[in-house]
Every structure is written in structure tokens, then in C-alpha cells.
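# Architecture and fold: a report
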Amino acid sequence: MKPLLIRLLAACLLATAAAAPAAEVLDRILVIVNDGVILQSELDRAMQLAQQQIRARKLQAPPDEALRAQVMDRLILARLQTQRAQQAGIRIEDRELNDIMTNLAKDNGLTLAQFADTLRKDGGDYLTVREQVRDEVLITRIRQREVDSRVSVSDQDVEL
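Thresholds, definitions, all that
- Residues numbered from 1 in each chain as written.
- Predicted model: local features only at pLDDT ≥ 70, side-chain atom pairs only at ≥ 80, totals over all residues.
- Heavy atoms only, no water.
- Buried < 20%, exposed > 50% of the residue type's maximum accessible area, 1.4 Å probe, protein only.
- Helix = DSSP H or I, 4+ residues; strand = E, 2+ residues; numbered from the N terminus.
- Salt bridge = Lys/Arg side-chain N within 4 Å of Asp/Glu carboxyl O.
- Core = buried A, V, L, I, M, F, W, Y, C linked by side-chain atoms within 4.5 Å.
- Contact = heavy atoms within 4.5 Å.
- Expected span 1.5 Å × (residues − 1).
- Arc of directions from axis to C-beta.
- 1 Å grid on protein atoms, 1.4 Å probe; cavity = no way out; pocket = protein on both sides within 12 Å on 5 of 7 lines; lining within 4 Å.
- Points joined across faces, edges and corners; volume = space filled by probe spheres on them.
- Nonpolar A, V, L, I, M, F, W, Y, C, P; charged D, E, K, R; others polar.

All right, on to unusual backbone geometry then. Negative phi is the rule for most residues except glycine; trans is the rule for most peptide bonds. The phi dihedral of asparagine 34 falls on the positive side, at around 55°, and the residue is not glycine. Since its relative accessible area comes to 58%, asparagine 34 is described here as exposed. Here the phi dihedral of lysine 58 falls at roughly 55°; this positive angle occurs in a residue that is not glycine. With respect to the element layout, lysine 58 can be found in the loop between helix H2 (40–56) and helix H3 (64–87).

Take a look at the structure:
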């Protein structure tokens, strides 16, 4: 009786597998950076942004592979720096980030809602930009902390 049950279960599994749609790849992990990852979608977004900046500045674009390597290096460095900031206990609270985003919108003559709408119209995503700003603030703070801990100015230095 057991072989019959096993054959029935195997037949059911095969029928279910055959009826299931093919797996769809949503994203790919390109690089593992300590306890984080860089996804294909992140590289794609960063490449688009870099290409837009190159066009806006009317610069000669490097070959795609060279640009891709530079962008990937920048993503890895940023990920390492944000991880270092988090390990050092540096945090950007949501309230503080909201204030930064509001000031960024004001600097552009917009309300926060208008700023978000403008980003959407330009093909961007407010939440993605918000997290990019958070990362930039983290990186700035860890750089400041690292530099401040290594720089020493004596009274003699000030008098010269």
C-alpha cells in the first residue's frame, strides 16, 4: 500500500509542478557587502542617475562598462560607510529626516508634497530619494566623526 501512496503523491507533485507558472526573477544580488547586498535594481537606478548627470553637465560619457564599474565602486563604498555609521551608533531619526526633506523641498521653492509630486513626474520615487538622503547624512556624519577623531589642533597651531 505504501508504494501506491508514494506514486500518488509523486504524481500529484508532478502535476502541481507542471501547472505552476515559471519562476519570475524579480531582482538579482550583485555584490554582498558585509551584512548587506547591492541589487541589480540599485545598480540600474544608479546608472540611470549617473547618465542623467553626465548629460545634464554636457560631459563626454565614459564607455558603459567603465561607468558601470565606477558606479558599482561608489555603491560599495557608500554601503560600507553607511554600515560603519550604523556600527558606530549613528542614527538618523525619521523626524530629523523629515525636517531635512522639508528643507530640501524649501530650497527648491516647493512644499514637501510638491517635491514628492515633482519626483514622481520625473520618474523618481520619493521614498527612494528619502533613503538616499538618509544614507548621505549617515556618510557625512561618519566622515566627520572619523576626521574629528584624528585631527588635533594645539594652542600653538592656533597662534601661528
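That shown, we press on.
Quick look at the pattern of salt bridges now. Under the criterion given, the structure shown has 9 salt bridges. Residues arginine 79 and glutamate 42 are paired through a salt bridge, measuring 2.5 Å at the closest nitrogen-oxygen approach. Within this pair, whereas arginine 79 is found in helix H3, its partner glutamate 42 is found in helix H2, the two being separated by 37 residues in sequence. One exposure class covers both arginine 79 and glutamate 42, and it is buried. Residue aspartate 94 is joined to arginine 130 by a salt bridge in which the shortest nitrogen-to-oxygen separation is 3.9 Å. A residue pair is termed long-range when its members are at least 10 positions apart, and aspartate 94 in helix H4 (residues 94–107) and arginine 130 in helix H6 (residues 126–150) qualify at 36 residues. Residues joined by salt bridges that share partners form a network here, namely Asp94, Arg130, Glu131 and Arg134.

Counting 15 residues, the largest nonpolar core has Met101, Phe115, Tyr126 and Val133 as its most contacted members. Among the secondary structure elements, those contributing two or more residues to this core are H4, helix H5 (112–121) and H6. The leading source of residues in this core is H6, at 6 residues. Ignoring anything within four residues of it in the chain, the contact list for tyrosine 126 reads Met101, Leu112, Phe115, Ala116 and Leu119.

Let us look at H4. The terminal C-alpha atoms of H4 lie 20 Å apart, and with 14 residues this matches the ideal 20 Å at 1.5 Å per residue to within 8%. Within H4, burial applies to Leu97, Met101 and Ala105. All buried residues of H4 lie within an arc of 80° about the axis, which places them on one face of the element. Of the exposed residues in H4, the ones pointing more than 90 degrees away from its buried face are Arg95, Lys106 and Asp107. Each element contacted by the buried residues of H4 is listed here: H5 and H6. Two residues or fewer after H4 comes glycine 109, characterised by a positive phi angle close to 70°.

If you check which residues of H5 are buried, you get Phe115, Ala116 and Leu119. In an axial view of H5, the angular spread of the buried residues amounts to 100°, which keeps them on one side of the axis. Counted as exposed and oriented over 90 degrees from the buried face of H5: Ala113 and Lys121. Glycine 123 sits one or two residues past H5 and shows a positive phi near 85°.

As a volume, the largest pocket reaches approximately 1200 Å³. Forming the boundary of the largest pocket are 31 residues, of which Arg45, Ala46, Leu49, Thr128 and Gln132 lie nearest the centre. Elements represented by at least two residues in the lining of the largest pocket include exactly H2, H3 and H6. Residue contributions to the lining of the largest pocket peak at 10 residues, all from H3. Broken down by class, the residue content of the lining of the largest pocket amounts to 10 nonpolar, 11 polar and 10 charged.

None of this, on its own, says anything about what the molecule does.
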